[in-house]
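Chain and residue survey
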Amino acid sequence: MVRLTLELIGKSLNQKNRRDESLAHYLRKTTHLKLSNKNIDIIDDLSLCKNLNVLYLYDNQIRQIHNLDFATNLRHLYLQNNCITRIENLASLIKLEKLYLGGNYITVVEGLETLEELRELHVESQQLPLGEKVLFDPRSLHSLAKSLTVLNISNNNIDEVSDLAILENISHLIAVDNQIHHVKDLEFVLGVWTNLRKLELNGNPVCQKPKYKDRVIQQSKSLESLDGKEIKEMERQFLMNWKASRDARKKNRTESMMNEHAPYLHFDNNDKEHPHFPIYYFPMTKEKPNFAILSEMHRPPYSKESHRTVHEEDRVTEKISHSSLKNPQNVQKNLSEPHLLRQMPL
């Protein structure tokens, strides 16, 4: 295994560029160091390289990020294809703009709270345990909310991107070969990312959904390229007009249905509090008349007096029946006082 030391740096430098300068003097003014593919596993003390702007350490065997506190002027850091398991010890890199960490063993994107100038973050193709996906620390996302414009999260088993909505200035998202299944999983972030220009989702199940491209274009008014293909303005305008026409038809249908049911709405509302029941009116008194109607078999022998009496009783009975239809209360009172029956006008 190889340690990254000043001596190793000296051996890798082009002697012609150094001329007669000492190594220490040369390293103090060095702005770029290319140390890729040298089997480096440990970063040693590089504090002499205070003016370093770009550091290439990809394709090595580095397991831990450390000893970079000196690099306060570092802007680009390339650490892809190493053996790094955690993002850490980057707090001093306050001027860092681009960070490349693809092809490592990182499961959580974290430790970026102080990198408020970071514009590009590449964490694609992590070597993950079976069934796991890359997660994002909300604190790091919050710190990158206004600065980050390019994010590469390809091939990380990611099935949703709603947590990334906080990245309000994102302009290029690379999320190929993940597990995003539905356009609805994208609709929220597409509505929030008003600066999004390029979106790459090749290799996700969502790409096989009907009208996938049309729905994405309709959802993002700023998008200029989808899956590597340019979105023409004529195509966008056609889809926008079609969507507006469809929404208008849907609104009209809804309003028409509401208007059709409007005359009955007050009945429905009243029924909820005061249910209606059918009421039947019967023109008859509740109690039976308190007088007897004699049948023919119980009548006394015929006589003029008895005939007149029976005739009067029949007329009274008929009068009571007609009166009961008009005013049942009076009839009830009269029946309870039989002596008044003779006083009723016939």
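The protein chain is annotated in an unreviewed UniProt entry as Protein phosphatase 1 regulatory subunit 42 isoform X1 from Podarcis lilfordi.

Attention now moves to the overall build of the protein chain. If you tally the helices and strands in the protein chain, you get nine helices and 14 strands. In the protein chain, which comprises 346 residues, the proportion classed as buried is 36%. Intrachain contacts of the protein chain at a sequence separation of at least 6 include 43% that bridge at least 24 residues. Carbon together with sulfur atoms contributes 51% to the accessible area of the protein chain, which is approximately 22000 Å² in total.

Grouped together as the largest cluster of nonpolar side chains are 69 residues, with contacts concentrated most on L77, L121 and I153. Those residues in contact with L77 that sit more than four places away from it in its chain are L55, L68, L90, L93, L96, K98, L99 and Y100.

The next subject is the sheet that holds strand β13 (residues 225-226). Taken in spatial order, the 10 strands make up an open sheet running β2-β4-β5-β6-β8-β10-β11-β12-β13-β14, and their pairing is mixed. Every interior strand has two partners, whereas the edge strands, β2 (32-34) and β14 (229-230), have only one. Where strand β8 (residues 120-122) and strand β10 (residues 150-152) come together, three bridges link them in parallel fashion. From the neighbouring strand, L121 faces β10, where its bridge partner is L151.

What follows is about unusual backbone geometry. Even without being a glycine, N67 presents a positive backbone phi close to 60°. Looking at the secondary structure, you find N67 in the loop between β4 (54-56) and β5 (76-78). Phi at D227 is positive, roughly 55°, even though this residue is not glycine. Assignment of secondary structure puts D227 in the loop between β13 and β14. D227 sits in the buried class, given a relative accessible area of 17%.

About the criteria used
- Residues numbered from 1 in each chain as written.
- Predicted model: local features only at pLDDT ≥ 70, side-chain atom pairs only at ≥ 80, totals over all residues.
- Heavy atoms only, no water.
- Helix = DSSP H or I, 4+ residues; strand = E, 2+ residues; numbered from the N terminus.
- Buried < 20%, exposed > 50% of the residue type's maximum accessible area, 1.4 Å probe, protein only.
- Contact = heavy atoms within 4.5 Å.
- Areas by Shrake-Rupley, 256 points an atom, 1.4 Å probe, with all protein chains shown as cover.
- Core = buried A, V, L, I, M, F, W, Y, C linked by side-chain atoms within 4.5 Å.
- Pairing = 2+ DSSP bridges.

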